[in-house]
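# Close look at the chain arrangement
Single-letter residue listing:
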Amino acid sequence: MDREHELLGLAVSIAREAAALARAMRTAGVDPVATKSTLTDVVTAADRAVERQVREAIRAARPGDSVLGEEFGTEAGGGQEVRWILDPIDGTVNYLYDLPQYAVSLAAEVDGTVVAGVVINAATGKEWTAVLGGGAFADGRRLSGSGQTDLRQALVGTGFGYAADRRLHQAAVLAGLIGEIRDVRRLGAAAIDLCLAAEGSLDAYYEKGLNAWDHAAGGLVAAEAGLLVTGLSGAAPGPDMVVAAPPALHKGLHDRLVELDADKGP
């Protein structure tokens, strides 16, 4: 586990500098703003500047590693088995509107398995970390998820895609679920949602349409806090669905999402 902790230490150091840059650029004003997949899928100069800074820091520290980032895709390494998975600003719309829920998310993956990850809420400085087999922590406090056992009393986080047809499908799923849970929260940053589920501030979380950079670090934090992090019907967590919930809640939430065809549609 020494290597995993070494990778985590590097990830934390790099992510802290990235979060500082994101905050500084937010203070200076968000400009310019462009769009990607749809008119609602925004990207800022800060997203790109933060990703460049992180890539440069990884190259300086570990020049043989590869990097997968949201803004610039895959940068191949020199044959080492470590791949870094980066979301420079998860929650860009929140960032655009100066809502304090946006994060730098950085994970280290070895031979296809995420072994270390950090998520930092850049607006507040709150930090979640995990190493595979070593537990999950928030600002030094070990996490163990929610103790809720009744899905009807569960506060569930979720999110929505950028394309209108996907949002309509996700809204229909939520309409079928919301009467069977305590309430729902949509905070707009998947990495933070997963970490809030890890610490029990949300009882559970699900979302369709997440990319690797959205859930790599946060998913490890949730899993190391004792949550089950899965897809539906035996699938691994991925673009079709990510469900993160304590074992006592997971089956009920999972099965209801299957009934609602939550991983189907656009």
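Residues numbered from 1 in each chain as written. Predicted model: local features only at pLDDT ≥ 70, side-chain atom pairs only at ≥ 80, totals over all residues. Heavy atoms only, no water.

Moving on to the overall build of the protein chain. Each helix and strand counted, the protein chain has seven helices and 15 strands in total. What you see for the protein chain is a C-alpha radius of gyration of 17 Å, in line with the 18 Å of a compact globule of 266 residues. With respect to the three principal axes, the spread of C-alpha positions in the protein chain is 50 × 45 × 30 Å. By residue count, 53% of the 266 residues in the protein chain fall in the buried class. Restricting to contacts in the protein chain with at least 6 residues of sequence separation, those with at least 24 account for 60%. (Helix = DSSP H or I, 4+ residues; strand = E, 2+ residues; numbered from the N terminus. Rg over C-alpha atoms; globule rule 2.2 N^0.38 Å. Buried < 20%, exposed > 50% of the residue type's maximum accessible area, 1.4 Å probe, protein only. Contact = heavy atoms within 4.5 Å.)

Turning our eyes to something else, we now look at the side chain of Asn-94. As for its position among the elements, Asn-94 is in helix α3 (residues 92–96). Of the polar contacts made by the side chain of Asn-94, one reaches the backbone oxygen of Gln-101; its length is 2.8 Å. (Polar contact = N/O pair within 3.5 Å; in protein donor to acceptor, adjacent residues only side chain to side chain.)

To continue, consider the nonpolar core. Membership of the largest hydrophobic core comes to 35 residues, with the highest contact counts inside it found for Val-119, Trp-128, Leu-143, Ile-192 and Val-221. Going through the elements one at a time, β6 (103–110), β7 (113–121), β8 (127–131), β9 (135–138), α5 (190–199), α6 (212–224) and β15 (242–245) are the ones with two or more residues in this core. Of the residues forming this core, the biggest block, eight residues, is contributed by α5. The residues contacting Leu-143, other than those within four sequence positions of it, are Trp-128, Ala-136, Phe-137, Ala-138, Ala-198, Glu-199, Val-221 and Ala-225. Membership of the second largest hydrophobic core comes to 31 residues, among which are Leu-7, Ala-11, Ala-18 and Val-30. (Core = buried A, V, L, I, M, F, W, Y, C linked by side-chain atoms within 4.5 Å.)

Time to look at the sheet that holds strand β5 (residues 82–90). If you walk across this open sheet you meet the eight strands as β4-β3-β5-β6-β7-β8-β9-β10, and the pairing is mixed. Each edge of the sheet is formed by a strand with only one pairing partner; in this case those strands are β4 (73–75) and β10 (141–142). The sheet contact formed by β7 and β8 spans five bridges and is antiparallel. Bridge assignment links Ala-116 to a residue of β8, and that residue is Val-131. Against the sheet, helix α1 (residues 2–28) touches β5, β6, β7 and β8, its axis set at about 30° to β7. This element, helix α2 (residues 45–61), spans β3 (66–69), β4, β5 and β6 of the sheet and lies at about 155° to β5. (Pairing = 2+ DSSP bridges. Axes fitted to C-alpha atoms, helices over the stretch in contact; angles between N-to-C directions.)

Turning our eyes to something else, we now look at the packing of aromatic side chains. Taken as a whole, this structure holds one aromatic pair when the rule is applied. Measuring from centroid to centroid gives 4.8 Å for Tyr-95 and Tyr-102, while their planes differ by 85°, and the two rings are edge-to-face. Overall, the relative accessible area of 0% leaves Tyr-95 in the buried class. (Phe/Tyr/Trp six-rings, centres within 6.5 Å; stacked < 30°, edge-to-face > 60°.)

Position of His-169 among the secondary structure elements: in helix α4 (residues 164–177). Polar contacts involving the side chain of His-169 include one to the main-chain carbonyl oxygen of Asp-261, which spans 3.0 Å. A distance of 2.9 Å separates a polar atom in the side chain of His-169 from the backbone oxygen of Lys-264. Setting aside its immediate chain neighbours within four residues, His-169 contacts Asp-261, Ala-262, Lys-264, Gly-265 and Pro-266.

Quick look at the pairing of β15 now. Neither face of β15 is left uncovered, since the one carrying Val-242 and Ala-244 and the one carrying Val-243 and Ala-245 both have all their residues buried. For strand β13 (residues 204–207) and β15, the ladder comprises three bridges, and the chain directions are antiparallel. By the bridge assignment, Glu-207 is partnered in β15 with Val-242. Across three bridges, strand β14 (residues 228–230) lies against β15 in antiparallel orientation.

A cluster of nonpolar side chains, Val-93, Tyr-97, Leu-99 and Tyr-162, forms an exposed patch at the surface whose accessible area comes to about 390 Å². Relative to the helices and strands, Val-93 is located in helix α3. Residue class for Val-93 comes out partly exposed when judged on its relative accessible area of 30%. (Patch = residues over 30% accessible without salt bridge, like charges linked within 9 Å, V, L, I, M, F, W, Y side chains within 5 Å. Areas by Shrake-Rupley, 256 points an atom, 1.4 Å probe, with all protein chains shown as cover. Salt bridge = Lys/Arg side-chain N within 4 Å of Asp/Glu carboxyl O.)

Even without being a glycine, Asp-98 presents a positive backbone phi close to 60°. Looking at the element boundaries, Asp-98 is found in the loop between α3 and β6. Asp-98 sits in the partly exposed class, given a relative accessible area of 48%.

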